Amino acid sequence: MPTSPTFDERFARLAALAYRVAYRLVGDRHEAENISQECLARAYVRWRRIHAYDEAWVTRVTTNLAIGHWRKHGRDQALSRVEPAYAASSTERIDIARALRALPKRQREVLALRYLADMTESATAEQLGCSVGAVKQHASRGLRAMRSTLGDTSSAEDLTVGLTRAHLEPTTGTEPC
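The rules we used
- Residues numbered from 1 in each chain as written.
- Predicted model: local features only at pLDDT ≥ 70, side-chain atom pairs only at ≥ 80, totals over all residues.
- Heavy atoms only, no water.
- Helix = DSSP H or I, 4+ residues; strand = E, 2+ residues; numbered from the N terminus.
- Contact = heavy atoms within 4.5 Å.
- Areas by Shrake-Rupley, 256 points an atom, 1.4 Å probe, with all protein chains shown as cover.
- Phe/Tyr/Trp six-rings, centres within 6.5 Å; stacked < 30°, edge-to-face > 60°.
- Lys NZ or Arg CZ within 6 Å of the ring centre and 35° of its normal.
- Buried < 20%, exposed > 50% of the residue type's maximum accessible area, 1.4 Å probe, protein only.
- Lys, Arg positive; Asp, Glu negative; His and termini not counted.
- Salt bridge = Lys/Arg side-chain N within 4 Å of Asp/Glu carboxyl O.
- Polar contact = N/O pair within 3.5 Å; in protein donor to acceptor, adjacent residues only side chain to side chain.
- Expected span 1.5 Å × (residues − 1).
- Arc of directions from axis to C-beta.

Caption draft 1: Structural detail: the overall build of the chain. Counting its secondary structure elements, the chain contains nine helices and zero strands. Beginning at the N terminus, the succession of helices and strands in the chain can be written as α-α-α-α-α-α-α-α-α. When contacts within the chain are restricted to residue pairs at least 6 apart in sequence, long-range pairs at least 24 apart make up 66% of them. Summed over its atoms, the accessible surface of the chain is roughly 9300 Å², and 50% of this surface lies on carbon and sulfur atoms.

Caption draft 2: Looking closely at the packing of aromatic side chains. The tally for this structure, following the rule as stated, stands at four aromatic pairs. Look at phenylalanine 7 and tryptophan 47: their rings are 5.4 Å apart centre to centre, the planes differ by 80 degrees, and that puts the pair in the edge-to-face class. Residue phenylalanine 7 is located in helix 1 (residues 7-26), and its partner tryptophan 47 is located in helix 3 (residues 47-50); the two are separated by 40 residues in the primary sequence. Over the ring of tyrosine 23 we find arginine 29; its NZ or CZ atom is 5.4 Å from the centre of that ring. Stacked on the ring of tyrosine 115, the Lys or Arg arginine 114 has its end atom at 5.2 Å from the ring centre.

Caption draft 3: Representation of the side chain of arginine 114 within the structure. For arginine 114, the location among the structural elements is in helix 6 (residues 105-116). Salt bridges are absent for the buried arginine 114, whose nearest opposite-charge side chain, glutamate 121, sits at 4.1 Å. Polar side-chain contacts of arginine 114 include one of 2.7 Å to the backbone oxygen of methionine 119. When neighbours within four sequence positions are excluded, arginine 114 is seen to be in contact with Met119, Thr120, Glu121, Thr124 and Val135.

Caption draft 4: Helix 2 (residues 29-45), seen in detail. Taking 1.5 Å per residue, 17 residues should reach 24 Å; helix 2 reaches 24 Å between its end C-alpha atoms and fits that length. Turning to helix 2, its buried residues number three or more, namely Ala32, Glu33, Ile35, Ser36, Cys39, Leu40 and Ala43. Projected onto a plane normal to the axis of helix 2, the buried residues spread over an arc of 165 degrees and lie on a single side. Of the exposed residues in helix 2, those oriented more than 90 degrees away from the buried face are His30, Tyr44 and Val45. Between the side-chain oxygen at the start of helix 2 and the backbone nitrogen of histidine 30 there is a gap of 3.1 Å, and the oxygen is on aspartate 28.

Caption draft 5: View of the pattern of salt bridges. The final tally for this structure, using the stated rule, is eight salt bridges. For aspartate 54, the salt bridge goes to arginine 10, with nearest N and O atoms at 2.7 Å. With aspartate 54 in helix 4 (residues 54-80) and arginine 10 in helix 1, this residue pair connects regions lying 44 residues apart in the sequence. As far as the burial class goes, aspartate 54 and arginine 10 line up, both buried. Between arginine 42 and glutamate 38 there is a salt bridge, and its shortest N-O distance comes to 2.7 Å. Taken together, the residues arginine 42 and glutamate 38, both in helix 2 and four residues apart, mark about one turn of the helix. Residue arginine 42 is classed as partly exposed on the basis of its relative accessible area of 33%. In this structure glutamate 38 comes out as partly exposed when scored by relative accessible area, which is 35%.

In structure tokens form, the structure reads like this:
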């Protein structure tokens, strides 16, 4: 019987995933580091319960922490720290985080895993314990709802580019914390 990986064995991959998701949502390296560290601390405490679906859990918790960051610190405070040339990108991030928050839980999870964590449809389905068809359906509905919320009539491809684009600095998810 194969043993499940330990937290220490999975740490590097989970840390990169948490940082990448957090950075894409908040756009600030220091806040992304704080959010990813908080997520990994929570994962460590719950490891026995979450090890089977660790990537999905880390992505979901990181997304929720990033959204909580925007709620706590507000749009104005976040934009005051950003240089004027990058304010549009930060505004776009805030709007995307707000639109994600408005989605039903399963749609938010699918979009976070597919477009923020860069998982394939099959990997997303496996992590969430559903079929690939369900992932496609939730992604389609979630993207449609986000376009509606954001007032965007562009194609789904344009919105997914907005979800996955690193606006200020390119990130590979392997930057030091």
